[in-house]
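The lines below spell out each chain.
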Amino acid sequence: MHMSENRYGTAVARYFEAWNAGSGEQIAKAVAAAWVEDGTYTDPLADVAGHDAIAAVIGGARAQFPGFSFRLLGEVDGHHDIARFGWELVSAADGTAPVAGSDVITLAEDGRIRAVAGFLDRVPPTA
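Residues numbered from 1 in each chain as written. Predicted model: local features only at pLDDT ≥ 70, side-chain atom pairs only at ≥ 80, totals over all residues. Heavy atoms only, no water.

1. Focus: the nonpolar core
The nonpolar side chains of a soluble globular protein tend to be buried, and buried together.
Right, on to step 1. In terms of nonpolar packing, the biggest core is built from 32 residues, with Tyr15, Trp19, Val31, Trp35, Tyr41, Ile58 and Ile105 touching the most fellow members.
Right, on to step 2. Per element, the largest residue contribution to this core is seven residues, and it comes from helix α1 (residues 3-19).
Right, on to step 3. Setting aside residues no more than four positions away along its own chain, tyrosine 15 makes contact with Ala34, Trp35, Tyr41, Phe85, Asp103, Ile113 and Val116. (Core = buried A, V, L, I, M, F, W, Y, C linked by side-chain atoms within 4.5 Å. Buried < 20%, exposed > 50% of the residue type's maximum accessible area, 1.4 Å probe, protein only. Helix = DSSP H or I, 4+ residues; strand = E, 2+ residues; numbered from the N terminus. Contact = heavy atoms within 4.5 Å.)

2. Description of the environment of alanine 46
Right, on to step 1. Turning to its location among the elements, alanine 46 is positioned in strand β2 (residues 46-49).
Right, on to step 2. C-alpha of alanine 46 to C-alpha of valine 57: the two residues are eleven residues apart in sequence and 7.4 Å apart in space.
Right, on to step 3. Not counting residues within four places of it along the chain, the set of residues in contact with alanine 46 comprises Tyr41 and Val57.

3. Quick word on the layout of surface pockets
Right, on to step 1. Put simply, the largest pocket is a space of about 450 Å³.
Right, on to step 2. Every residue lining the largest pocket is counted, 22 residues in all, and those nearest its centre are Asp43, Leu45, Phe65, Val99 and Leu120.
Right, on to step 3. Of all the secondary structure elements, the ones that give two or more residues to the lining of the largest pocket are α1, β1 (35-43), α3 (51-64), β4 (82-91), β5 (99-107) and β6 (113-122).
Right, on to step 4. Partitioning the lining of the largest pocket into residue classes produces 17 nonpolar, three polar and two charged. (1 Å grid on protein atoms, 1.4 Å probe; cavity = no way out; pocket = protein on both sides within 12 Å on 5 of 7 lines; lining within 4 Å. Points joined across faces, edges and corners; volume = space filled by probe spheres on them. Nonpolar A, V, L, I, M, F, W, Y, C, P; charged D, E, K, R; others polar.)

4. Some details on the packing of aromatic side chains
Right, on to step 1. Tallying each qualifying case throughout the model produces nine aromatic pairs.
Right, on to step 2. Taking 5.6 Å as the distance between ring centres and 75 degrees as the angle between the ring planes, the aromatic pair formed by phenylalanine 65 and phenylalanine 68 counts as edge-to-face.
Right, on to step 3. Judged by its relative accessible area of 18%, phenylalanine 68 is buried.
Right, on to step 4. Chaining the aromatic ring pairs together yields one cluster made of Tyr15, Phe16, Trp19, Trp35, Tyr41, Phe70, Phe85 and Trp87. (Phe/Tyr/Trp six-rings, centres within 6.5 Å; stacked < 30°, edge-to-face > 60°.)

5. Observations regarding α3
Right, on to step 1. Compared with the 20 Å implied by 1.5 Å per residue over 14 residues, the 20 Å span of α3 between its first and last C-alpha is a close match.
Right, on to step 2. Of the residues making up α3, those classed as buried are His51, Ile54, Ala55, Ile58, Ala61 and Arg62. In an axial view of α3, the angular spread of the buried residues amounts to 125 degrees, which keeps them on one side of the axis. Exposed residues pointing more than 90 degrees away from the buried face of α3 are listed as Asp52, Ala56, Ala63 and Gln64. (Expected span 1.5 Å × (residues − 1). Arc of directions from axis to C-beta.)

6. Considerations on the side chain of arginine 62
Right, on to step 1. Among the structural elements, arginine 62 can be located in helix α3.
Right, on to step 2. No salt bridge is formed by the buried arginine 62. Its closest oppositely charged neighbour is glutamate 17, at 13 Å.
Right, on to step 3. Within the structure, arginine 62 has its side chain in polar contact with the backbone oxygen of phenylalanine 68 (distance 2.9 Å).
Right, on to step 4. In this view, arginine 62 contacts Trp19, Asn20, Ala21, Ile27, Phe68, Ser69 and Phe70; residues no more than four positions away in its chain are not counted. (Lys, Arg positive; Asp, Glu negative; His and termini not counted. Salt bridge = Lys/Arg side-chain N within 4 Å of Asp/Glu carboxyl O. Polar contact = N/O pair within 3.5 Å; in protein donor to acceptor, adjacent residues only side chain to side chain.)

Dropping the structure here:
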């Protein structure tokens, strides 16, 4: 494994740590470790910049899907300062994954995330 490949894996691991953090304090800490200060997160439902705003989006998702965790789907594929990967949101209760998506991340020089572009590939049917 090249150092560059390891860099993508490390960034994505930190990303999932943030999305799976338990408390507000843990989310804030994990977001600071994963993103640069002025980092961004954009998906169909959110377009935010900065640690506090990113932590708020993650906290909102955690509140909306209690008892769920995000996990990597397949491999992380990267080149230059860009990496892409799939993910799914899995229920601890029954293992179902009602939500899945794919993200493209851009890394800063220090290895933290500068930008995330997220896409939703599977969403639960609306009531």
